[in-house]
Amino acid sequence: MTTATATKVLSDRIDRIEVSATMAITAEALKMKAQGIDLADFGAGEPHFATPQHIKAAAIEAIEKNFTRYTAVAGIPEVRKAIGDRHAADFGTSYAIDECVFSAGGKLAIFNAIEVLIEHGDEVIVPVPYWVSYKDIIEFAGGVPVFVETSEAESFRVTVEMIEAAITPKTKAIILNSPSNPSGAVLPTADLYAIVRLCHQRGVYVLLDECYVYLTFTGEIVSGASCTECKEHILVLGSLSKTYAMTGWRAGFALGPKAIIAAVSKLQSQSTSNAASMVQRASIAALTASQKCVSEMRADYIQLRDRVLAGLKTIPGLTCTVPEGAFYVYPNVKNFIGKGGINSAADLASKLLTEAHVVTVQGEPFGTQEHIRLSYAVSADVIDKGVQRMREFLGKLAA
Ligand SMILES: Cc1ncc(COP(=O)(O)O)c(C=O)c1O
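Residues numbered from 1 in each chain as written. Predicted model: local features only at pLDDT ≥ 70, side-chain atom pairs only at ≥ 80, totals over all residues. Heavy atoms only, no water.

## Here's the deal with the site of the ligand
Around the ligand, the structure places 15 residues, and the nearest of them are G106, D209, S239, S241 and R250. The separation between an oxygen atom of the ligand and a polar side-chain atom of N181 is 2.7 Å. For the ligand, the accessible surface in isolation is 390 Å², of which the surrounding protein chains cover 92%. Among the elements that take part in the shell around the ligand, helix α5 (residues 106-117) stands out by supplying 3 residues, more than any other. (Near = heavy atom within 4 Å. Polar contact = N/O pair within 3.5 Å; in protein donor to acceptor, adjacent residues only side chain to side chain. Areas by Shrake-Rupley, 256 points an atom, 1.4 Å probe, with all protein chains shown as cover. Helix = DSSP H or I, 4+ residues; strand = E, 2+ residues; numbered from the N terminus.)

## So, a nonpolar patch on the surface
Among the surface-exposed residues, V9, L10 and I14 lie close enough to one another that they form a single nonpolar patch of about 310 Å² accessible area. Relative to the assigned elements, V9 resides in the segment before α1 (12-15). Among the residues examined, V9 registers a relative accessible area of 78% and is labelled exposed. (Patch = residues over 30% accessible without salt bridge, like charges linked within 9 Å, V, L, I, M, F, W, Y side chains within 5 Å. Salt bridge = Lys/Arg side-chain N within 4 Å of Asp/Glu carboxyl O. Buried < 20%, exposed > 50% of the residue type's maximum accessible area, 1.4 Å probe, protein only.)

## Brief notes about the pairing of strand β8 (residues 252-255)
By the alternation rule, side chains of β8 split into G252 and A254 and F253 and L255, which are all buried. Relative to β8, strand β2 (residues 100-103) runs antiparallel, the two being bridged by 4 bridges. Among the inter-strand pairings, C100 is bridged to a residue of β8, identified as L255. Alignment of strand β7 (residues 234-239) against β8, held across 4 bridges, turns out to be antiparallel. Bridged to S239 within β8 is G252. (Pairing = 2+ DSSP bridges.)

## Things to note about the sheet that holds strand β11 (residues 361-362)
Taking strand neighbours across the sheet as the criterion, the 3 strands line up as β9-β12-β11 in an open arrangement whose pairing is antiparallel. Of all strands in the sheet, those bounded by a partner on one side alone are β9 (328-329) and β11. Where β9 and strand β12 (residues 372-375) come together, 2 bridges link them in antiparallel fashion. Within β12, the residue paired with V329 across the bridge is L374.

## Thoughts on the environment of I221
Within the secondary structure, I221 sits in the loop between β6 (205-209) and β7. The exposure class assigned to I221 is partly exposed, which follows from its relative accessible area of 27%. C-alpha of I221 to C-alpha of L235: the two residues are 14 residues apart in sequence and 18 Å apart in space. Setting aside residues no more than four positions away along its own chain, I221 makes contact with F91, V213, Y214, T216 and R298. (Contact = heavy atoms within 4.5 Å.)

See below:
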């Protein structure tokens, strides 16, 4: 009989990554709330709106009609058609059913796409600041994230020149997230298209994380996938979470070349299988009904953005770029680092939580050292209360 001699419990693969920083702060805030502490919570990146009624009704109907079994791994044809049709109507793209896979959340769609595209040592370009999960998802796959610094003075927008300078023979892909989590930066259309075209010419896959695309406030909602001549190198990674206030439902998708979508489905067939059947039906309702609920929520986010920006302006020492989309502000807190025992943005976020009872997320996991992120997908009252607490706390620090 042989005895297992392994001494290491966990794989190198899992040791390469860390728990999502946003999830960690959410957990801490939950603990404090459970103790009865009243928090102004700007932590979690999720809409404060309820899921619209017609979407809930579609899920309830699906359950009532016993639409509760396994479906095709990539999702039922109707949901994949609805996703392709929505994208075609909004952006002039053309994706057939076999160029679409429905997944249990946008994060899973990104994870799967990276897993099927990235070999050990492949480089993936990631503009800074970046959504926390990109780095870990790339590293889990064995890839190397190549961070491209942007300038705060240019509102954190990446340019085609910056991308061109970062491309090497090892570059396999780039992730673009416009509007951006955490900065709210929106790439000007010409720059977005120029980057997509450059990458296509160089054989670099463009992963368009369109999680917040419908929460763009510039009046123009744009997808890099509209450069249809570059389709062979484009993967659209979408989510219904923020657009339709559906974070808990876990509804996301990938659109792209048939062979890549087939590979994502193959991977999904060995992990989650299909996303929940009733969620697929609810997603069809979300995508095919009037999009009025989306424009109404967008209008509210614009008001909330303006309110939080106006509030932050009253805090001496704090500066903030004007976000043009998503629902985050990313103020610069460098003037408070080095004061009152605070040596980093992480220290500041931690003290804001424990001493001022304001939940924010430190900038470090997003790739910058001098910022904190606030999600303003909260009520106007929470904004007012939170900003006032920050003003008092930071005022004492500065004194
Ligand atoms: C930039 C970005 N991409 C993708 C996602 C994934 O969203 P979900 O998995 O809820 O669809 C998020 C969620 O916070 C995000 O902020």
